[in-house]
Amino acid sequence: MNQIENKLKIVNTNQKKVKNSSCIYGLKAWFIATFAVIMILSCTQDIENLVGPSYSGYTIGVTAQYGGVGIVKSSGGSATIRMEVVTAAGVPVNGATVVLTSTLGTLSAASFTTVNGLATGTLTVGGTAGTAYVVASVENVSATTTVSILSF
């Protein structure tokens, strides 16, 4: 009987260890997942194609944010176009007028005014697949980004 009781004690001890280790692994997995979400949400995509200086010494950059590898034309999807204007010292420019054009799709406006150096617009896909070249211009300088429009 003592042997059976000893083996039961060992089994109970091992079960407690397994429960404790699974709790620790669950906590580690939760921490890793939470950290990954925080990192993703706290990071914004860098502005592409910084170009300048303009007549006033401004530098402009533009990027398209749409996730994935492209926007499916039949979905009526859109991309957020983010424009940034800064001085040569990197100070955001308030009130700069940015003119935006695209080779495909429809833009939410033709020009934008920066607030704290930033302006955002929207490119809505049309009925044509291909690469939309989106050009942001301030004074005499322009920066370009692309949006892939897919046809599935």
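In this text the structure is predicted, and so the values were computed from the model without any measurement.

Draft legend 1. How the structure looks around the overall build of the chain. Helix and strand content of the chain: one helix and ten strands. Secondary structure elements in the chain, listed N-terminal to C-terminal, are α-β-β-β-β-β-β-β-β-β-β. When burial is assessed residue by residue, the chain has 27% of its 152 residues classed as buried. When the accessible area of the chain is evaluated, it comes to approximately 9,600 Å², of which 60% is carbon and sulfur surface.

Draft legend 2. Local environment of the environment of Ser 102. Among the structural elements, Ser 102 can be located in strand 5 (residues 97-102). Each C-alpha atom, one on Ser 102 and one on Ala 132, is 6.2 Å from the other, the two residues being 30 residues apart in sequence. Beyond its immediate stretch of four places on either side in the chain, Ser 102 contacts Leu 107, Leu 123, Ala 132, Tyr 133 and Val 134. A polar side-chain atom of Ser 102 sits 2.6 Å from the main-chain carbonyl oxygen of Leu 104.

The rules behind these values
- Residues numbered from 1 in each chain as written.
- Predicted model: local features only at pLDDT ≥ 70, side-chain atom pairs only at ≥ 80, totals over all residues.
- Heavy atoms only, no water.
- Helix = DSSP H or I, 4+ residues; strand = E, 2+ residues; numbered from the N terminus.
- Buried < 20%, exposed > 50% of the residue type's maximum accessible area, 1.4 Å probe, protein only.
- Areas by Shrake-Rupley, 256 points an atom, 1.4 Å probe, with all protein chains shown as cover.
- Contact = heavy atoms within 4.5 Å.
- Polar contact = N/O pair within 3.5 Å; in protein donor to acceptor, adjacent residues only side chain to side chain.

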